[in-house]
Amino acid sequence: MPLLIWGSGNKYGKYLPEVEYFSKGIYMFDIGQNNLADTFHSKTFDQIIALIPSILAIFEAGIKIVQCSGRNFWIHNTGPLGCLAQNIAKFGTDPSKLDEIGCVIDHNQSAKSFNSQLHQRCQSLRGQFVDVNITYVDIYSIKLDLIANYSQHGFEQPIMVCCGYGGPPLNYDSRVGCRGTAVINGTTVTSKACNDSSKYVNWDGINYTEAANHFVASQILTGLYSDPPSPSTLLSRT
């Protein structure tokens, strides 16, 4: 794809690095969250599981295109969707739908199924393109550990959001986004950020806080959640 941009005379081509650098870069894919979460609003759990192979087929086709110029890929699986306040507020009102740490069971099960199949695809792609470095990174396990063992990692709130409205237990209301204003039941309300976001895992019901992302990044760089085991091997080849 970068080669096509270079050859097209596109005015943005001047902002791209030299062609030879594309084979030396790292291409990072972080996929699955939106693909799965959005479908829960219109499909059953079984229908979502049945959709996963078609979602991954599109991903695989994209990798096959990009590998024409890229040689190093970091593939991040999707996190525990059921632990996001946005999904808990919508699909977790029935306590029987939640697991022992308060996450929506079906959402997390779909994420695990997606990740298992993604891992298999990555292994298959490595067999097809032996000169390409494809590293699969288990983001799900890192984030689930952070949420389940939040206090051990220096956090105080694993699920309740920092920037939201409504107060405990979730401090999330889909009608008013982070730092937004809305009229709810005839009253104008404003969503505000917490005083110390470093104590929260979740920022706004969907995204993680800077502190939580720093933790996730630190765990990625240990190489313990990667297949092949260490990303340092990939980095040393770039």
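Residues numbered from 1 in each chain as written. Predicted model: local features only at pLDDT ≥ 70, side-chain atom pairs only at ≥ 80, totals over all residues. Heavy atoms only, no water.

Draft legend 1. Up close: the state of the cysteines. Scanning the entire structure with this criterion turns up three disulfides. Between the sulfur atoms of Cys83 and its disulfide mate Cys103 the distance is 2.0 Å. The S-S bond linking Cys83 to Cys103 shows a torsion near 105°; that makes this disulfide right-handed. With Cys83 in the loop between strand 2 (72-76) and helix 4 (85-91) and Cys103 in the loop between helix 4 and helix 5 (105-128), this residue pair connects regions lying 20 residues apart in the sequence. Disulfides within the chain link the bonded cysteines, taken in sequence order, as 1-2, 3-6, 4-5. (Disulfide = S-S within 2.5 Å. Helix = DSSP H or I, 4+ residues; strand = E, 2+ residues; numbered from the N terminus.)

Draft legend 2. How the structure looks around the nonpolar core. Core analysis: the largest hydrophobic core is formed by 25 residues, its most contacted members being Phe59, Phe73, Ile75, Phe114, Leu118 and Ile134. Broken down by element, the residue count for this core peaks at seven residues, all from helix 3 (residues 45-66). If near-sequence neighbours (up to four positions away) are discounted, Phe114 is found in contact with Ile31, Gly32, Leu36, Ile52, Ile55, Leu56 and Thr78. Core analysis: the second largest hydrophobic core is formed by 23 residues, Ile88, Leu146, Val161 and Tyr172 among them. (Core = buried A, V, L, I, M, F, W, Y, C linked by side-chain atoms within 4.5 Å. Buried < 20%, exposed > 50% of the residue type's maximum accessible area, 1.4 Å probe, protein only. Contact = heavy atoms within 4.5 Å.)

Draft legend 3. View of the packing of helix 3 against helix 5. Look at helix 3 against helix 5: their axes get within 10 Å of each other, and the N-to-C directions meet at 30°. Comparing their axes, helix 5 and helix 3 come out roughly parallel. By crossing handedness, the relation of helix 3 to helix 5 is classed as right-handed. Between helix 3, through Phe45, Ile48, Ile49, Ile52, Pro53, Ile55, Leu56, Ala57, Phe59, Glu60, Ile63 and Lys64, and helix 5, the contact on the second element is made entirely by Asp106, Gln109, Ser110, Ser113, Phe114, Gln117, Leu118, Arg121, Leu125 and Gln128. Across the contact of helix 3 with helix 5, the residue classes break down as 13 nonpolar, five polar and four charged. (Axes fitted to C-alpha atoms, helices over the stretch in contact; angles between N-to-C directions. Parallel < 35°, antiparallel > 145°, perpendicular 65-115°, else oblique. Left-handed = near helix turned anticlockwise from the far one by under 90°. Nonpolar A, V, L, I, M, F, W, Y, C, P; charged D, E, K, R; others polar.)

Draft legend 4. How the structure looks around the packing of helix 6 (residues 139-148) against helix 7 (residues 210-220). The interhelical angle for the contact between helix 6 and helix 7, taken along N-to-C directions, is 130°, at an axis separation of 10 Å. When the axes of helix 6 and helix 7 are compared, the pair comes out oblique. In the crossing of helix 6 with helix 7, the sense of the turn from one axis to the other is right-handed. In contact with Ile139, Ile142, Lys143, Asp145 and Leu146 of helix 6, helix 7 contributes Ala212, Phe215, Val216, Gln219 and Ile220. For the contact of helix 6 with helix 7, a count of residues per class yields seven nonpolar, one polar and two charged.

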